[in-house]
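Given next are the chains, with one letter for each unit.
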Amino acid sequence: MSSESKPSKSALICPESTIESANRRQFIRKAALTAAAVGVGSTVVSNAVMKRSAIPESSASDGCPVIIGECNFAEQATGITVCTGGTTSCYAWKVFNKAKCGSGIFACGLRTGVFAQTTAAACCLPAVKGYAKGGCSHSIGVCGQSNSPNGIGVRGFNVGGGVALEGLAGNAKSIPIVATGDKCQSVNLQNWQVGSTIKSVVNKNGFFGINNSSPDSPLTVNSSPCSAHLDCYVVGAAIHGISTGIDVAIWGDACSPSGIGVQGYAKSKCGCGIGVAGRAAACEGVGVYGFATASKGATRGVWGASVSPGGIGVLGQAYVSGGVGVQGFSCSPCGVPIVALGGFCQRNNLQEWQILVCEGKPGEVKSVVNKNGFFGINNSSPSKPLTVCGAVEFSQTSACGTLIASNAGSGKAISASSSSCTSPAICGTNTHYIGIQGRGGTYGVYGSGLFGVYGTSFAQCAYGVQGVAGAPCTVPLIAIGALKQNYNITEFAKMVCCSGTKKTDVLSVVNKCGWLGLGATSAPTTLHVGGSVSAKVANTGSSNYCMGASDYAVFACSPVTVALPKAGTAKGMMVFVKNTSSGSVTVTVAKCSGDCIEGNTAPKTLTKQWDGLHLISNGTHRWVVLGSSIGDAFVS
């Protein structure tokens, strides 16, 4: 539009020649529309007259008029001035469109369609306010739309350090901000950018990518040194993973040769901080599962670290009977389920077993593995590879033995001590086989000196070594020599002191042939007695007497009958019967049913004082007379 064709302001606002003309009514209608558009009250325009001064100045700065009811174009900014005066709230320009699909104002500019600015100093006054007054479910206060490929529908821009774009819910059930994609959405639902660089996104599937522009899982976090940092300052968990099926609640993968799948860090130097806490509600769920997939390097499935003096790197708790606090499981035959790895200069124990005595205080140490790998059972400071305080009990259902110890050096394979007067240092009990068995290259249980088994007792009426048979057909104590035994199988000795040096005096032996030397250091014959021999003697008194297997001699001082043992009791068993009466008394020597005395079934009689009879068994049914005496004379 040229400047020559532009109408004057007076001609636009109130042309005098047309007030009383035939087109008067049409002009008044247009003037009323102008007044309504700029906010002038209806009292200004009447059916009779319209005052020139009541219509505000409305034109483009380049001189182009603003025509109501038509599309207006201007090369420069337009200006509408309304002076309302006072402090009453009103609108500078109020537009109302009753069309169902129409718009109140449609603004189109080469750069900005609508530019609104508030100059008031008061807070919370919007430059643009969109108010969807209709009660329908999808009314929109402000709608921004862009048709360009890289355009922006709505932009919030703040240069004062405040918030560029804010979504404010005026109702408790309102949603402050919603990002709604197309039903065939192919790009992200939301981006967080610095300039044109995408930092984080919510993709078309609703997956969050934190410092990641293409997340392939519901939450993908990429960063260094920490992928995610979550703080919890109240009672609760910073991360809570729950698995309600057989899936994993929290999964950590270490894909690098020295990576860490999951690392928990209890940083507080006081309290009960926990590095990692996992919880699974399913019957086969996993609270925390760390899986290091690298085939080499020092990968860790789960890593727990604590820097506080009483902190815990990894804590496993079992709240019900039969539960397991921490379990190490090796899926490979060559894997190690649990390893306690100390530092290069380890000074404390490698592992401890404790009992919690009081909540919030250190537990009571019961057993340990110290820095040298020594086991202390019921002992917190073992001085030997195995230190046990208290009784030791072994049980085994097989015949292989329950305790096997070997020592290639000169020390003891097993050494045990007890300060109790009634409790043994070592007690072996087996209902079917062997309670304690010593077997070794030189010595069985106690490898010092010349003894297979060495037992010492310092209390009176106590036993150094005791073998007890638990069943009638078992042997309490067995000494087994080597295949080509060259030394005694058993020795009975006592400890003596000579010139301050201890040595042993051998009292009796069982030599390599099984011959017994009683009171002697050797056994040159099957039975060798290095001293006197005594036998059991019984006195009958005035009653008949039946000899037992342990009787050797019977003295009868009255007319009684002495019954011999069964001849089959033992082959070579010898017995002696003597009449010790002071008068003419007859003592009858009878045999058991089925036996005989040198072929006679009749008994033998001893009729005088000092008459005697010496017999030996053939091991079946016969007693043979070795000798007899009549009075004080011996008869062979």
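Since the model is a prediction, treat every value here as computed from it, not as a measurement. (Residues numbered from 1 in each chain as written. Predicted model: local features only at pLDDT ≥ 70, side-chain atom pairs only at ≥ 80, totals over all residues. Heavy atoms only, no water.)

A. Representation of the sheet that holds strand 26 (residues 604-606) in the model. The mixed open sheet is built from four strands, whose spatial order is 20-22-24-26. Of all the strands in the sheet, the pair left with one neighbour each is strand 20 (545-546) and strand 26. (Pairing = 2+ DSSP bridges. Helix = DSSP H or I, 4+ residues; strand = E, 2+ residues; numbered from the N terminus.)

B. Structural context of the environment of Val-465. Here Val-465 is to be found in the loop between strand 14 (386-388) and strand 15 (490-498). Residue Val-465 is classed as partly exposed on the basis of its relative accessible area, which comes to 40%. Sequence separation between Val-465 and Leu-477 is twelve residues, and the spatial gap between their C-alpha atoms is 9.4 Å. (Buried < 20%, exposed > 50% of the residue type's maximum accessible area, 1.4 Å probe, protein only.)

C. Geometry of the side chain of Ser-558. You can see Ser-558 is positioned in the loop between strand 21 (553-556) and strand 22 (561-563). Of the polar contacts made by the side chain of Ser-558, one reaches the backbone oxygen of Gly-541; its length is 2.4 Å. Leaving out residues up to four positions away in the same chain, Ser-558 has contacts with Gly-541, Ser-542, Ser-581, Val-585 and Val-587. (Polar contact = N/O pair within 3.5 Å; in protein donor to acceptor, adjacent residues only side chain to side chain. Contact = heavy atoms within 4.5 Å.)

D. A look at the confidence of the model for the protein. Summary statistics for the protein give a mean pLDDT of 75 and a share of 67% for residues scoring 70 or more. pLDDT under 50 marks residues 1-30. Its contacts with residues more than four places away, or in other chains, come to 34 contacts. Between residues 35-57, whose pLDDT stays under 50, and residues either more than four places distant or in other chains, the model counts 44 contacts. (pLDDT = per-residue confidence, 0-100.)

E. Representation of the nonpolar core in the model. Within the largest apolar cluster, 18 residues are counted, with the highest numbers of intra-cluster contacts made by Met-547, Val-562, Leu-564, Val-575, Val-577, Leu-615 and Trp-623. For this core, the secondary-structure elements that each account for two or more residues are strand 21, strand 23 (574-579), strand 24 (587-590) and strand 27 (612-617). Each residue touching Val-575, except ones within four places of it in the same chain, is listed here: Met-547, Asp-551, Tyr-552, Leu-564, Pro-565, Leu-613, His-614, Leu-615 and Trp-623. (Core = buried A, V, L, I, M, F, W, Y, C linked by side-chain atoms within 4.5 Å.)

F. View of unusual backbone geometry. Phi at Asn-211 takes a positive value of approximately 55°, unusual for a residue other than glycine. Topologically, Asn-211 is positioned in the loop between strand 5 (208-210) and strand 6 (219-221). Judged by its relative accessible area of 41%, Asn-211 is partly exposed. If you check the backbone angles, Asn-378 has positive phi at about 55° while not being a glycine. Looking at where Asn-378 falls in the secondary structure, it is placed in the loop between strand 13 (375-377) and strand 14.

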